[in-house]
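Listed here are the chains, written in short residue letters.
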Protein chains: 2
Amino acid sequence: MLIFSFVRRLLKSIVIFRLINSLKEMKKGNITIKDLARELNVSPSTISRALKDHPDISPETKKAVKELSEKLNYQPNSVALSLRQSKTNTIGVIIPEIAHFFFSAVISGIEDIAHNAGYHVIITQSNESIDREMMNTKALFNSRVDGILISISRETNQFNHLQQLIDAGTPVVFFDRVVESINACKVIVNDEQGAYEATTHLIEQGYYRIAHLAGPQNLTISNNRLNGFKAALADNKYMIDDNLIKICGLGTYEEAEAITNELLDYRFPPDAIFANNDVAAYGAMTAIKKRGMKIPEDIAIVGFSNWRFSSLIQPALSSVTQPGFKMGQEATRLLMKQINLGKDEEAITETISLKTNLVVRESSLKRPSEQV
Amino acid sequence: MLIFSFVRRLLKSIVIFRLINSLKEMKKGNITIKDLARELNVSPSTISRALKDHPDISPETKKAVKELSEKLNYQPNSVALSLRQSKTNTIGVIIPEIAHFFFSAVISGIEDIAHNAGYHVIITQSNESIDREMMNTKALFNSRVDGILISISRETNQFNHLQQLIDAGTPVVFFDRVVESINACKVIVNDEQGAYEATTHLIEQGYYRIAHLAGPQNLTISNNRLNGFKAALADNKYMIDDNLIKICGLGTYEEAEAITNELLDYRFPPDAIFANNDVAAYGAMTAIKKRGMKIPEDIAIVGFSNWRFSSLIQPALSSVTQPGFKMGQEATRLLMKQINLGKDEEAITETISLKTNLVVRESSLKRPSEQV
DNA sequence: ATGAAAGCGCTAACAC
DNA sequence: GTGTTAGCGCTTTCAT
């Protein structure tokens, strides 16, 4: 009688214990290795080893551990792991703007490679502000990301925060908007070649008075594009007419519109315009349309493209597009290479230059000879 | 003499120690609280407290600590913090596709709110695959993110992984593509109202035979849009002609093109088309153009928009656009609310329905009365 | 084949 | 006002 009662109480307390236990687990859903250990009467280390198929562990133990972990839906805590191994399996990305076709394509490429390599991707945007870029660099560093991919903001004119990052040993890869003066891995678009191709294409189509709406000359990309433009003219024995090269320093489409109007007012106006970017192309298009002129019958346009206005101009105009997805992929590959570098191997500082794509819209380019 | 020599040796050893120390720090750039403590001959806890302006710490100590931490550029290790507080200050996002205008706008909205709340954002994409979606859910859970924002993949037809997540206590907010059967926070677009507005707009412009290219009727959104369309007709005392409602089940533009051709072959063809999505709109546009008909002189089109084809149709056609940025913001706000909920407060399960925007292109809509 | 113990970097309850 | 200690969850020597 007494024994019976004792056993009953024991059972009851066990049941209650289990109940409380599972309730607790329900509530915070965080089963740990300790929990498994307690349940199976082994030490945490055994669980840890069993879960990773360590050869020392007996098959029975392994089986038991795996079954229980399955049953309780044990999920390892990556944060603890990160702390232990000083490795987060996470990379950080800093870009000027997310909702931008080019950059979202880049992110997609980054995620593609990172995911396959077992890495997470933390996205931050600088919104073209250097302050925010600095905050993001610091925050990502504090999160101990294993590497950082960055395209600098338009405002960024000093680079201490980036140099510090590199000096602290964080692998960094720059893409698209890179810092010339920093010795690091970079992935860029071959703007010069893109501009060269676009201009050559215009020439091949028979255009002979091609203007260029250039970007601010302190930006490397603007300069490269201008150089590509000039090189194409030179290689085709065209004269370089400085009156047909106009710098749009503000970057607004109103400016481009005004400048295009100047060009159109020439006694011998251009028959084609190569625009440094889509904003300029849009401005040019606006000016032309307002005059009741037709594209491409009266004048052709090709522009480097970019998201903000692309939905407005892409269908109408030919463009030189940047390979965003590929850029994301290549940058991430480069980063992975650096991350997996042995401690004592020397850092790599490769620069990859990607080709642009020339997208020709029939409606925007015709041989003048085919015009009425 | 002897004393002098001793002092010199002492100084020398100190200098060497410092040198080695700073070299070590240079190499891995990871100054810890312990390092600061050792340097200042205080305990780590004092450093910790001094850095967070704990009232117990003397002003002098605080000053010394802050100066040193500044000098050595100490950066707290967020991983350790996360482990300690079981809080990562990170939220996870699972979307079908990143390089999609709508979704990148959503991400941007998410990052906006998250950043201001001091959170990081981890982006993962499911690529419309349920397997990958499940992997991502698990990986994010393992990373112990403080909450998850998700738009389910097109393939997702069972929801255990999501229900488990919620049961485990992870705050979850669904957006755009939500799961009806799960009780959780959701942010959606009011498709019915959007369709209603677009249709009403066509009616107001004087169109009187409006066809609808509908989507597969198992998708809630298609159904909602169809309902909005019908409601607008009904409210304007238009007859609902089932012959003018065509379901495009495949979702290809070729299908939409073929169906549009059917419509155009009617003895009394429609004078306007309201397309369930941009693919359908594009198909309709193609069919119309191939017949040499003009938009909108011969027939008008309005479509729900979405990125893939938007650069092709947006400039030409009016559209109903989804507020991606705002959706990201609202979803994140909702998530933050849940995260900041006291342990014992009951979960919230709010649903927010956002308005669409009707974007009217002059070139795509004219009063028939103004036609020749 | 398994356990005990230390430690990744930080904080907070508890001493003194 | 400051130090000691324990512990977040996990791995990994070193014992046994």
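Residues numbered from 1 in each chain as written. Chains lettered and ligands numbered in written order. Predicted model: local features only at pLDDT ≥ 70, side-chain atom pairs only at ≥ 80, totals over all residues. Heavy atoms only, no water.

The name given to chain A in an unreviewed UniProt entry is LacI family DNA-binding transcriptional regulator, with Marivirga atlantica as the source organism.

**Student:** Please explain the confidence of the model for chain A as it appears in this structure.
**Tutor:** Any residue range with low pLDDT should be treated as having predicted coordinates unsuitable for detailed reading. Residue and element names in this part refer to chain A. Taken residue by residue, chain A gives an average pLDDT of 85. The fraction at 70 or more is 85%. Scored below 50 in pLDDT, residues 1–27 makes 10 contacts in the model with residues more than four places away or belonging to other chains. Ignoring residues within four places in sequence, the model shows residues 367–372, a span with pLDDT below 50, making seven contacts including any to other chains. (pLDDT = per-residue confidence, 0-100. Contact = heavy atoms within 4.5 Å.)

**Student:** Please explain the protein's contact with DNA strand D as it appears in this structure.
**Tutor:** Near DNA strand D, the surroundings consist of 25 residues, among which A:I33, A:Y74, A:R84, B:S45 and B:T46 are the closest. Among the atoms of DNA strand D close to the protein, meaning within 4 Å, 63% are from sugar or phosphate groups. Contact distances for DNA strand D include 3.2 Å between a phosphate oxygen and a backbone N or O atom of A:N77. Between DNA strand D and the protein, one listed contact pairs a base nitrogen with a side-chain N or O atom of B:R84 at 3.0 Å. Broken down by class, the residue content of the surface near DNA strand D amounts to seven nonpolar, 11 polar and seven charged. (Near = heavy atom within 4 Å. Polar contact = N/O pair within 3.5 Å; in protein donor to acceptor, adjacent residues only side chain to side chain. Nonpolar A, V, L, I, M, F, W, Y, C, P; charged D, E, K, R; others polar.)

**Student:** Please clarify how the pattern of salt bridges should be interpreted in this entry.
**Tutor:** Between side chains of opposite charge, a pair can form as their charged atoms come close. Residue and element names in this part refer to chain B. Throughout the structure, instances matching the rule amount to 32 salt bridges over all chains. Taking the shortest distance from any N to any O, the salt bridge between E197 and K355 comes out at 3.4 Å. Of this pair, E197 sits in helix α9 (residues 191–204) while K355 sits in the loop between β11 (351–354) and β12 (357–359), and the two are 158 residues apart along the sequence. The class for E197 is partly exposed, based on a relative accessible area of 24%. Across the pair E262 and K246 runs a salt bridge, and its minimum N-O distance is 3.2 Å. With E262 in helix α11 (residues 253–265) and K246 in strand β7 (residues 245–247), this residue pair connects regions lying 16 residues apart in the sequence. Judged by its relative accessible area of 42%, E262 falls in the partly exposed class. (Salt bridge = Lys/Arg side-chain N within 4 Å of Asp/Glu carboxyl O. Helix = DSSP H or I, 4+ residues; strand = E, 2+ residues; numbered from the N terminus. Buried < 20%, exposed > 50% of the residue type's maximum accessible area, 1.4 Å probe, protein only.)

**Student:** Can you help me understand the sheet that holds strand β7 (residues 245–247) of chain A in this one?
**Tutor:** Hydrogen bonds along the backbone pair up the strands of a sheet, which may run parallel or antiparallel. Residue and element names in this part refer to chain A. In spatial order, the strands read β7-β6-β8-β9-β10-β12; together these six strands make up an open sheet with mixed pairing. Looking along the sheet, the strands with just one partner apiece sit at the ends: β7 and β12 (357–359). Adjacent strand axes in the sheet meet at a mean angle of 15 degrees when their direction is disregarded. Note: strand β6 (residues 210–214) against β7, three bridges, orientation parallel. The residue bridging H212 from the neighbouring strand is I245, located in β7. (Pairing = 2+ DSSP bridges. Axes fitted to C-alpha atoms, helices over the stretch in contact; angles between N-to-C directions.)

**Student:** Can you help me understand helix α3 (residues 44–51) of chain A in this one?
**Tutor:** Given 3.6 residues per helical turn, the α-helix brings residues three or four places apart onto the same face. Residues and elements named next belong to chain A. Turning to α3, its buried residues are T46, I47 and A50. Viewed end-on, α3 has its buried residues packed into an arc of 100 degrees, placing them on one side of the element. On the buried face of α3, the contacting elements are α2 (33–40) and α4 (59–71). Looking one or two places after α3, you find D53, whose phi comes out positive at around 55 degrees. (Arc of directions from axis to C-beta.)

**Student:** Just to check I follow, could you spell out the UniProt feature "domain: HTH lacI-type" (unreviewed entry) in chain A for this structure?
**Tutor:** Within this numbering scheme, the UniProt entry marks residues 31–85 of chain A as carrying the feature "domain: HTH lacI-type" (unreviewed entry). Here residues 31–85 of chain A runs as 67% helix and 0% strand, with 21 Å between its end C-alpha atoms. (UniProt positions renumbered as here; feature names shortened; annotations may be inferred.)

**Student:** Explain the packing of aromatic side chains here, please?
**Tutor:** How two aromatic rings sit relative to each other is set out by the distance from centre to centre and by the angle between their planes. Residue and element names in this part refer to chain A. Going through the model one piece at a time under the given rule, you end up with eight aromatic pairs over all chains. Aromatic side chains F274 and F304 sit 6.1 Å apart centroid to centroid with 55 degrees between the ring planes, which places their arrangement in the tilted category. One end of the pair, F274, is in strand β8 (residues 272–275); the other, F304, is in strand β9 (residues 300–304), with 30 residues separating them in the sequence. Each of the two residues, F274 as well as F304, counts as buried. Each residue in the set F229, F274 and F304 is aromatic and connected to the rest through ring pairs, giving one cluster. (Phe/Tyr/Trp six-rings, centres within 6.5 Å; stacked < 30°, edge-to-face > 60°.)

**Student:** Sorry if this is basic, but what is going on with the sheet that holds strand β6 (residues 210–214) of chain B here?
**Tutor:** All names here are of chain B. Overall, mixed pairing links the six strands, which are arranged β7-β6-β8-β9-β10-β12 in an open sheet. At either end of the open sheet lies a strand with only one pairing partner, and these are β7 and β12. The mean inter-strand angle of the sheet, taken between neighbouring strand axes irrespective of direction, is 15 degrees. Contacting β6, β7, β8 (272–275) and β9 (300–304), helix α10 (residues 220–235) runs over the sheet at an angle of about 170 degrees to β6.

**Student:** Explain the UniProt feature "domain: HTH cro/C1-type" (unreviewed entry) in chain A to me, please; I cannot follow it from the model alone.
**Tutor:** Sites flagged by UniProt as "domain: HTH cro/C1-type" (unreviewed entry) map to residues 30–75 of chain A. The distance separating the terminal C-alpha atoms of residues 30–75 of chain A is 8 Å; by composition the span is 63% helix and 0% strand.

**Student:** What's the story with the nonpolar core in this structure? I'm lost.
**Tutor:** Within soluble globular proteins, side chains that are nonpolar generally end up buried alongside one another. Within the largest apolar cluster, 54 residues are counted, with the highest numbers of intra-cluster contacts made by A:I91 and B:I91. Counting 34 residues, the second-largest nonpolar core is a separate cluster that includes A:V179, B:I150, B:L165 and B:V172. (Core = buried A, V, L, I, M, F, W, Y, C linked by side-chain atoms within 4.5 Å.)

**Student:** It is not clear to me how the protein's contact with DNA strand C should be interpreted in this structure. Could you clarify?
**Tutor:** Residues in close proximity to DNA strand C total 24 residues, the closest being A:T46, B:I33, B:S48, B:Y74 and B:R84. If you list the elements that add at least two residues to the surface near DNA strand C, you get α3 and α5 (78–85) of chain A together with α2 (33–40), α3 (44–51) and α5 (78–85) of chain B. The residue makeup of the surface near DNA strand C, split by class, is seven nonpolar, 10 polar and seven charged.

**Student:** What am I meant to see in the environment of B:N190 here?
**Tutor:** All names here are of chain B. Along the chain, the position of N190 falls in the loop between β5 (185–189) and α9. Using a relative accessible area of 26% as the deciding quantity, one classes N190 as partly exposed. Between the alpha carbons of N190 and I352 there is a distance of 9.2 Å; along the sequence they are 162 residues apart. Apart from residues lying up to four places away in sequence, N190 is in contact with S353, L354 and T356.

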